Amino acid sequence: MLCDKVLEIALKETGYLEKSWSSYRANPSIIYDKKKGAGSDNITKYGNEMHKVYPETMDLYSAWCDAFVDWCFYTAYGVATAKSLLGGGFDDYTVASAQLYKNKGAYHKGTAGIKPGDQIFFQNGKRIYHTGLVVATDSSTIFTVEGNTSSNKTDVEANGGGVWTKEYSYSNSKIDGYGRPPYEKHIKQNYPCWVHSGNHWYYRLAEGQNAHGWHAINGHWYYFLPDGKMVSGVKDIESNNYGLERYYFMEYGDFEGALCRTNERGALILWDL
């Protein structure tokens, strides 16, 4: 996906905790440690670095959920491209951040059409007050990564002090809407590449062209259905010589979809090429 780089950066930050003023004053470099010096004073590397980049609208020690999102884009794409993707600028005030998308006609209410790479915004009945990045979706759930939130998976927490992954039902009343960064205008997709859509994996060979049948990818065999969906689990596949044959493909983890075989003890292991 065109948004893979920013999502990869955001997810690597999971577990980061904001710092206390006393720990930061004693050792400013502690802001780059995920766990040490934790406190509740809104001191983070995200606010620190974004304030240096854009002090006009990025405060140094303030609520930092939007600073986290902006930092992820800045780290992934640099200042100019990040600003273009985020509606034309940086702003750590969530109301103003959402307005940047609205000014470009790129803000959508509700959750219809929401997809990975979108910036999701939450409201508290008075105003937009929290934000994060959509990582994935399925038929009932939106999965996000957020800054300045709690580790409680399903509660919207606007001042939780850490970077955590979350999940929400589409009907969650606190979801106000989402901004859609124009990735296709600014990010060039390199092919072939993996694409995750609708809770399924595809291997895209070129624009609009998915892999079908058997493919060797990064030292492992994968099988793709006629509609391009990657197979996982047990699957009976037609062989030219032997009719239907049964295969087992990894169902989860980093090698989901990779073909397995049995070793000398009869245990399933990855089939390495």
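Per-chain numbering applies: the sequence of each chain, read as written, is numbered from 1 onward. Thresholds applied to this predicted model are a pLDDT of at least 70 for local features of residues and 80 or more for the giving and counting of side-chain atom pairs; totals over whole chains, interfaces and linings are not thresholded and use all residues. Computation of side-chain values: all heavy atoms of the structure, hydrogens and water removed.

## Considering the environment of Leu-2
Point 1. A run of H or I in DSSP counts as a helix once it spans at least four residues, and a run of E counts as a strand once it spans at least two, with each numbered from the N terminus. You can see Leu-2 is positioned in the segment before helix H1 (4–12).
Point 2. Sequence-wise, Leu-2 and Ser-150 are 148 residues apart; in three dimensions their C-alpha atoms are separated by 28 Å.

## Brief notes about the side chain of Asn-148
Point 1. For Asn-148, the location among the structural elements is in strand S4 (residues 141–149).
Point 2. In terms of polar contacts, Asn-148 uses its side chain to reach the side chain of Trp-64, at 3.3 Å.
Point 3. Here, residues are in contact when the closest pair of their heavy atoms is within 4.5 Å. Those residues within four positions of Asn-148 in sequence are excluded, and the remaining contacts are Glu-18, Asn-42, Ala-63, Trp-64, Cys-65, His-130, Glu-157, Ala-158, Asn-159, Gly-160, Gly-161 and Gly-162. N or O atoms within 3.5 Å of each other form a polar contact, as long as, within protein, one can give a hydrogen and the other can take it, and as long as residues adjacent in sequence are counted only when both atoms are side-chain atoms.

## Overview of the packing of H1 against helix H4 (residues 65–77)
Point 1. To get an axis, fit a line to the C-alpha atoms, keeping to the stretch in contact for a helix; angles then go from 0 to 180 degrees between the N-to-C directions. Their axes nearest at 9 Å, the elements H1 and H4 cross at an angle of 125 degrees. As far as their axial angle goes, H4 and H1 are oblique. Relative to H4, the crossing made by H1 is right-handed. Across from Lys-5, Val-6, Ile-9 and Ala-10 in H1, the residues of H4 making contact are Phe-68, Trp-71, Cys-72, Phe-73, Thr-75, Ala-76 and Tyr-77.
Point 2. Gly counts as polar in this scheme, as do all residues outside two lists: the nonpolar Ala, Val, Leu, Ile, Met, Phe, Trp, Tyr, Cys and Pro, and the charged Asp, Glu, Lys and Arg. The class makeup of the residues in the contact of H1 with H4 is 9 nonpolar, 1 polar and 1 charged. With respect to orientation, any angle under 35 degrees is reported as roughly parallel, any angle over 145 as roughly antiparallel, any angle of 65 to 115 as roughly perpendicular, and every other angle as oblique. Handedness of a helix crossing follows the sense of rotation of the near helix relative to the far helix, less than a right angle counterclockwise being left-handed and clockwise being right-handed.

## Focus on unusual backbone geometry
Point 1. Even without glycine at this site, Asn-42 takes up a positive phi of about 60 degrees.
Point 2. Locating Asn-42 in the fold gives a position in the loop between helix H2 (21–26) and helix H3 (45–53).
Point 3. Overall, the relative accessible area of 17% leaves Asn-42 in the buried class. Each residue is placed in one exposure class: buried if its accessible area under a 1.4 Å probe, protein chains only, is under 20% of its type's maximum, exposed if it is over 50%, and partly exposed if it falls in between.

## Focus: helix H6 (residues 94–103)
Point 1. The complete set of buried residues in H6 reads Thr-94, Ser-97, Ala-98, Leu-100 and Tyr-101. Here the buried residues of H6 occupy an arc of 145 degrees about the axis, which is enough to place them on one side.
Point 2. Lining the buried residues of H6 we find H4, helix H5 (79–85), strand S1 (107–109), strand S2 (119–123), strand S3 (128–137) and strand S6 (175–179).
Point 3. Following H6 by one or two positions, Gly-105 adopts a phi angle in the positive range, close to 70 degrees. The arc in question is formed by the directions pointing from the helix axis toward the C-beta atoms.

## Regarding the sheet that holds S4
Point 1. A pair of strands counts as paired when DSSP detects no fewer than two bridges linking them. Strand order in the open sheet formed by 6 strands is S1-S6-S2-S3-S4-S5, with antiparallel pairing between adjacent strands. Of all the strands in the sheet, the pair left with one neighbour each is S1 and strand S5 (162–169). Each strand of the sheet is rotated relative to its neighbour by a mean of 35 degrees, with strand direction disregarded.
Point 2. Examined bridge by bridge, S2 and S6 share 4 bridges and lie antiparallel to one another. Following the sheet pairing, Ile-120 is matched in S6 by Tyr-178.
Point 3. Of the strands in this sheet, S3, S4 and S5 touch H1, which is tilted by about 110 degrees from S3.

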